[in-house]
Amino acid sequence: MEVTESYRVLELELGASRAELDAAFCRLIERWHPDRVASTDAEAVREAQRMVQAINNAYQTLAKIAPNSAKPTTSSPTNSSAVPIPGAKPKPKLPPLVGGQPSLGHSPPPKPPPPPETWAARATTTASAPPSPAPAPPPAAPPTKSLPPLPAPIIPPPAAAPRPAASAPVPVPAPPAPAPNPAATTPAPPAAPTTALSELRNLAMEFYESVFPLGTPRRRFGPVIVTAALIILLLLGKCAFPSSNSSKSVSAPDPKTIGRLVVKSNLTNTTIEAARLPSAGETATAIVKGSDEGDAEQVLPELPPGKYIITARSAGWAEIKQEVNVEAGLTTAVAINFKGGSLRLNSVPDGATVRLGSTVFGRTPLVIPQLPPGDCQLSVEYPSWPAVAFKAIITAGVEATGTVRLPHGKLTIESRPPGAAVLLNGKSLGLTPLTVEHFPAGTRKLTLRAKDFPPLELSVIMEDRGEVKLSPALASGFPILNPTNLLRAVWVADNPDSLAPPLDGVTGPFQPQNGIVRNLNRKILFESWLGRRYRFSAIVKSYDQASGQIEFAEQQNEFSKYRIRAKLSTEVQRDPDLTAPLIKGATFALYGILSAVEEPRWPSKVITFEFSPAEPLR
């Protein structure tokens, strides 16, 4: 860019000093910075960018030739010490920039100025012309950054004094020598203001320009990113530093100006409250409470000295109030004694649990050392028994006695056979034969369990002070053999051809003892009936004491005639009391394993059921 054009762009006069150059540069950059028009249309942004580029080019051109010191006083019409030089012409000012560039906010340009040669001409007389200053060394290339730091503000000189008359010429003083250039290779930028705010602003501008350079796509997002970063920093600072109110430490009171109160109670679950009696002219003070746990010993620290009313409370007891004096720097101990009576309680049966509300005192026999005076309603409970209420009258300083009888009776169980376990609500009472002296009154269900027998349930109705005897047969838990239902489940149509060998392939456990497979499906019979225990009762036809074989009278159903045979166990055969009922025509009940079901041989038409071994059902 030409020198003349550069002066015009920067709105400077020809020969302006370096300080004026820097001041004009900073002023114009602030005016045309694109961020000022970032919120308007894109054309305004592009126009600002073009103008900033022109200002940068002009600054780089003039920075190479601008003198480092202020212009000589003879060339400044505003210098109060200067005098007019005869024949000198005033320095012309450059017109505003025109021709495709913004006018920088000036009015329309005036008429074209005279040729540049006349601008540089300065009329001086030979006698008054000051010696030409030594030429300054050529400055180094200006910084490449588009936005150099802001220079120090230019302070205008004072207004010029009135010119003296032409008839009284005043000698023209010699111009001051130019300031030495401290860096011959790199001219130093103008000094920035020394205030901390200016330094911080310069650093921020440099950082912003380095992160978001002109002409880059991320330039347009710069303000948004900076705003978001500031918000994040503010939030982090709020989280990192607690409020000043919470950080203030509360100074501990002087131990010499406060007292300490220790309250001991003879009951647990005691609540303590202390209220200070106000002196004359004082207002009522707040009530101080003890620990929430209600311990027997509680400490109330940091109490102002004075008289206090102590209130002690415990569930079921009348509250106690006591006056105490708290002195500064001392610990005052107070004993609270709830006065009550004791109770010695027994129960029939022993081991009953005693309660007062939700408080459990223990199991009988029991001594309760502290109960509130007056009527005391207790609850006495025993496992699997209904709770019984017991009312006692308690007198302070007196031990009361009482016995609670839980409603019960006597139960005796003798099972056949013996050795069965007796259970009440899943809890074992013992093995039969069994006698229970304290069996709870009411209706109860018992369960008897024994090896090789199904569980047997018994219902017992017991009255208070009553007595019940039971002699259950454990075999009564077995199912009753029903021949009609059995034959209905296994019966097939009569087929004479099925009598021929090889018995339709029936072998193994399904093979009949008499070799006949005709009307019975032996597979279903074996899987569903044979080998299981049943009980049966019928009229005795005969009994062979030598073999222990019993044969019952023949019976008939819709399918066929049938008879029941049973062989008693060896142990039963040796007991004459058990075999005595086995006489012809008598009804006898037994149980045992159904070991065989056989079809008849021709011409007989009676099916035989066999039990082995068998036991009398007693």
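So, how was this worked out
Residues numbered from 1 in each chain as written. Predicted model: local features only at pLDDT ≥ 70, side-chain atom pairs only at ≥ 80, totals over all residues. Heavy atoms only, no water. Pairing = 2+ DSSP bridges. Helix = DSSP H or I, 4+ residues; strand = E, 2+ residues; numbered from the N terminus. Axes fitted to C-alpha atoms, helices over the stretch in contact; angles between N-to-C directions. Phe/Tyr/Trp six-rings, centres within 6.5 Å; stacked < 30°, edge-to-face > 60°. Buried < 20%, exposed > 50% of the residue type's maximum accessible area, 1.4 Å probe, protein only.

1. Side note on the sheet that holds strand β8 (residues 341–348)
If you trace the three strands from one edge of the open sheet to the other, you get β11-β8-β14, paired in mixed fashion. At either end of the open sheet lies a strand with only one pairing partner, and these are β11 (366–371) and β14 (399–405). Taking the axes of each pair of neighbouring strands and ignoring which way they run, one obtains an average angle of 25° across the sheet. Here β8 runs beside β14; their pairing, made up of seven bridges, is parallel. Considered in β14, the bridge of Arg344 is made with Thr401.

2. Overview of the sheet that holds strand β15 (residues 408–413)
In spatial order, the strands read β18-β15-β21; together these three strands make up an open sheet with mixed pairing. Edge strands, defined here as strands with exactly one partner in the open sheet, are β18 (434–440) and β21 (467–470). Across the sheet, the mean angle from the axis of one strand to that of its neighbour is 20°, orientation sign disregarded. Taken together, the four bridges between β15 and β21 define a ladder with parallel strand orientation.

3. Considering the packing of aromatic side chains
Counted under the stated rule, the structure contains 11 aromatic pairs. Between Trp317 and Phe338, the aromatic rings sit 5.9 Å apart at their centres with planes inclined by 70°, giving edge-to-face as the arrangement. Residue Trp317 is located in the loop between β5 (306–314) and β6 (320–326), and its partner Phe338 is located in the loop between β7 (331–336) and β8; the two are separated by 21 residues in the primary sequence. Taken as a pair, Trp317 and Phe338 share a single burial class, namely buried. Centre to centre, the rings of Phe453 and Phe478 are 5.4 Å apart; their planes meet at 35°, and the pair counts as tilted.

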